[in-house]
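Chains, contacts and geometry: an overview
Each chain, written out:
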Amino acid sequence: MLIMKKALFIFSIAASLFCLSMFYRSSNAVIALDLIKDLKLNAETIGILGGAFFYSFSLLQIPMGLMLDRIGPKIIISLFAIIGAIGSFVFGLSNSYYTAITGRILIGIGMAAMLMGSLKILAIKFPAEKFATLAGLIITAGSVGSLLSASPLSYFSSILGWRTVFIITGFITVFLGIALFFLLESDSHKNFLNNGQNTASKPNEVKDSIMIVLKTHAFWQICSMAFFRYGIFVSLQGLWLGVYLMTAKGYTSLQTGNMLILMAIGNALGAPVSGRLSDKVIPSRKKMVIYGLGIYTFLILILTLMPHINHPIWYGSIFFLMGFFNGFGTLLYSHVKELFPLSISATVMAWVNFFTMAGGAVFMPLLGRIIERLSWADVNIQLQYEIIFFICFLGMLLSLVYYSFSKTGNE
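None of these values were measured; they are calculated from a predicted model. (Residues numbered from 1 in each chain as written. Predicted model: local features only at pLDDT ≥ 70, side-chain atom pairs only at ≥ 80, totals over all residues. Heavy atoms only, no water.)

Another point: the overall build of the protein chain. Secondary structure summary: the protein chain contains 17 helices and zero strands in total. For a compact globule of 411 residues, the expected C-alpha radius of gyration is about 22 Å, and the protein chain comes in at 20 Å, within 12% of that figure. Dimensions of the protein chain, computed from the C-alpha atoms along their principal axes, are close to 65 × 45 × 40 Å. For the protein chain, the residues scored as buried account for 62% of the 411 residues in total. Counting only contacts in the protein chain whose residues sit at least 6 apart along the sequence, the fraction spanning at least 24 positions is 85%. Within the structure as shown, the protein chain displays about 15,800 Å² of accessible surface, and the carbon and sulfur contribution to it stands at 70%. Taking the 27 positively charged and 15 negatively charged side chains of the protein chain as two groups, their mean positions are separated by 6 Å. (Helix = DSSP H or I, 4+ residues; strand = E, 2+ residues; numbered from the N terminus. Rg over C-alpha atoms; globule rule 2.2 N^0.38 Å. Buried < 20%, exposed > 50% of the residue type's maximum accessible area, 1.4 Å probe, protein only. Contact = heavy atoms within 4.5 Å. Areas by Shrake-Rupley, 256 points an atom, 1.4 Å probe, with all protein chains shown as cover. Lys, Arg positive; Asp, Glu negative; His and termini not counted. Charge placed at Lys NZ, Arg CZ, Asp CG, Glu CD.)

This part covers the packing of helix 12 (residues 253-280) against helix 14 (residues 312-326). Look at helix 12 against helix 14: their axes get within 6 Å of each other, and the N-to-C directions meet at 30°. One element, helix 12, and the other, helix 14, form an angle in the roughly parallel class. Considering the relative orientation of helix 12 and helix 14, their crossing is right-handed. Side by side, helix 12 and helix 14 meet where Met259, Leu260, Leu262, Met263, Ile265, Gly266, Asn267, Leu269, Gly270 and Val273 of the first sit next to Pro312, Tyr315, Gly316, Phe319, Phe320, Met322, Gly323, Phe324 and Asn326 of the second. Its residues assigned to classes, the contact of helix 12 with helix 14 comprises 13 nonpolar, six polar and no charged. (Axes fitted to C-alpha atoms, helices over the stretch in contact; angles between N-to-C directions. Parallel < 35°, antiparallel > 145°, perpendicular 65-115°, else oblique. Left-handed = near helix turned anticlockwise from the far one by under 90°. Nonpolar A, V, L, I, M, F, W, Y, C, P; charged D, E, K, R; others polar.)

Here we come to empty space enclosed by the protein. Under the counting rule described, the total for this entry stands at three cavities of 30 Å³ or more. If you add up the space inside the largest cavity, you get close to 120 Å³. Elements that contribute at least two residues to the lining of the largest cavity include exactly helix 1 (2-26), helix 11 (217-247) and helix 16 (345-376). When its residues are assigned to classes, the lining of the largest cavity shows seven nonpolar, six polar and two charged. (1 Å grid on protein atoms, 1.4 Å probe; cavity = no way out; pocket = protein on both sides within 12 Å on 5 of 7 lines; lining within 4 Å. Points joined across faces, edges and corners; volume = space filled by probe spheres on them.)

The residue Lys40 is not glycine, and still its phi comes out positive at about 60°. With respect to the helices and strands, the residue Lys40 is situated in the loop between helix 2 (32-39) and helix 3 (43-70). The phi dihedral of Asp378 falls on the positive side, at around 60°, and the residue is not glycine. Tracing the backbone shows Asp378 in the loop between helix 16 and helix 17 (381-403).

Let us look at the packing of helix 13 (residues 285-305) against helix 17. Packing of helix 13 against helix 17 leaves a shortest axis separation of 9 Å and a crossing angle of 160°. Looking at the two axes, helix 13 sits roughly antiparallel to helix 17. Crossing angle aside, the handedness with which helix 13 passes helix 17 is left-handed. Contacts between helix 13 and helix 17 involve Arg285, Lys286, Val289, Ile290, Leu293, Gly294, Tyr296, Thr297, Ile300, Leu301, Leu303 and Thr304 from the first element and Glu386, Phe389, Phe390, Cys392, Phe393, Met396, Leu397, Leu400 and Tyr403 from the second. Classifying every residue of the contact of helix 13 with helix 17 gives 15 nonpolar, three polar and three charged.

Generally speaking, a soluble globular protein has its nonpolar side chains buried in company with each other. Residues Leu49, Trp240, Phe319 and Met322 are the most contacted members of the largest nonpolar core, which totals 140 residues. Among the elements that line this core, the one with the most residues is helix 11, at 18 residues. (Core = buried A, V, L, I, M, F, W, Y, C linked by side-chain atoms within 4.5 Å.)

On the secondary structure map, Ile77 appears in helix 4 (residues 73-93). Ile77 gets classed as buried once you look at its relative accessible area, which sits at 1%. Along the sequence, Ile77 and Ile107 sit 30 residues apart, while their C-alpha atoms lie 13 Å from each other. In contact with Ile77, other than residues within four places in its own chain, are Leu17, Ala113, Met114, Gly117, Ser118, Ile121 and Leu180.

Looking at the secondary structure, you find Ile82 in helix 4. Once the C-alpha coordinates of Ile82 and Phe175 are considered, the two residues, 93 residues apart in sequence, prove to be 8.9 Å apart.

Applying the stated criterion across every chain yields a total of three salt bridges. Linking Arg369 and Glu44 is a salt bridge whose minimum nitrogen-to-oxygen distance equals 3.2 Å. Residue Arg369 is located in helix 16, and its partner Glu44 is located in helix 3; the two are separated by 325 residues in the primary sequence. Among the residues examined, Arg369 registers a relative accessible area of 43% and is labelled partly exposed. Residue classification places Glu44 among the buried residues on the basis of a relative accessible area of 16%. Here the salt bridges do not stand alone but share partners, grouping Glu44, Arg369 and Arg373 into one network. (Salt bridge = Lys/Arg side-chain N within 4 Å of Asp/Glu carboxyl O.)

Our focus in this paragraph is the environment of Ala112. Within the element layout of this structure, Ala112 appears in the loop between helix 5 (97-111) and helix 6 (114-125). The spatial distance from the C-alpha of Ala112 to the C-alpha of Ala123 is 18 Å, given a sequence separation of eleven residues. What Ala112 contacts, discounting residues up to four positions off in sequence, is Phe57, Leu60, Gln61 and Met64.

Quick look at the confidence of the model for the protein chain now. For residues with low pLDDT, the predicted coordinates do not support detailed interpretation. Looking at the protein chain, pLDDT values average 85 and 92% of them are 70 or higher. In this model residues 194-203 is a low-confidence stretch, pLDDT under 50, and it forms 23 contacts with partners more than four residues away in sequence or in other chains. (pLDDT = per-residue confidence, 0-100.)

Okay, the packing of aromatic side chains next. Tallied over the entire structure, the rule returns 31 aromatic pairs. Ring centres of Phe219 and Trp351 lie 6.3 Å apart, and the angle between their planes is 65°; this geometry places the pair in the edge-to-face category. Highlighted residues: Phe219 in helix 11 and Trp351 in helix 16, separated in sequence by 132 residues. Put simply, the rings of Tyr244, Tyr251, Tyr315, Phe319, Tyr385 and Phe389 pair up and form one aromatic cluster. Sitting over the face of the ring of Phe181, Lys74 holds its NZ or CZ atom 4.1 Å from the ring centroid. (Phe/Tyr/Trp six-rings, centres within 6.5 Å; stacked < 30°, edge-to-face > 60°. Lys NZ or Arg CZ within 6 Å of the ring centre and 35° of its normal.)

Dropping the structure here:
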């Protein structure tokens, strides 16, 4: 019973740290107009600022899996949590564009360990048959961070100021990182609930792990899907849908937050539902991903083809469903994990996460640059967003077709 309680406590802290990661990455949407005013930004520079988190985050995914596999999540997660907290302090105290970018980069570095570290804990501490369900719950916890970055962030920013909010969040990050350090034992391969779980033989050299992964075509198909799926979603949820509602549709910051929070709620529900369905009903990660992301892609097309949508009920419904079916993309981690030995599980999941976060690093500033160029050409603001929505739709459609030919762990 004591072991179960400890496992639950560690799971809760790891999930809370990922919750903060999701808060940080999505937080620019509802404070975008404040950032533009306080830091003197335009569409292109606010896009770069939003993408700064993803630049450092995605680059750290390359060594992150190796560090988690060899050093273990105890030291790595705790150390990087402190780095992320420092970044939150710097961002909250920033008075210039470049200082704010520095803060966002440090936050990205710090948060780079949170999802992969949590999934590594699941892989080594819990039975394999529960991985997809528990991973879905981790993503759900992360979605709470997206919830907090919508209406609650707008509300508290209006009372305390966005700078104070980030300083407080930094202290919370430090506390959770230290707590996990003292709770998680150094023996990273001891399993709480299934000590007899079989682990695959560990490659003798890092080079062996790299070659195993890079020679697998399905790895690249999964990475392509991850790149477009999350890059597009976080760019829309974390920035551009918020700016769109406030500038093209005349929504207030709080109204915008209310719409975006529905997207986060949908994602919070979609991840565990898809994990549970995949574990118990349709035992195919690939099929569930295709079903869910296929519907998500169609919803982006609706945004493109229905420019006269104005009522909050329509936006709320579309955003909720986009979040829900995007949550099915969480199963990409389960898909790739089943293709390789457990001993390199963190490595392969982290490399998929590199492409996941690289999508955010590319799409968030890219869409901003497109909008800025279209505005210079005197294209009306509604058409600007119709164009970027259609670009997102094409990216999702092509990557989904490519992914549909990937193999699974049973093939």
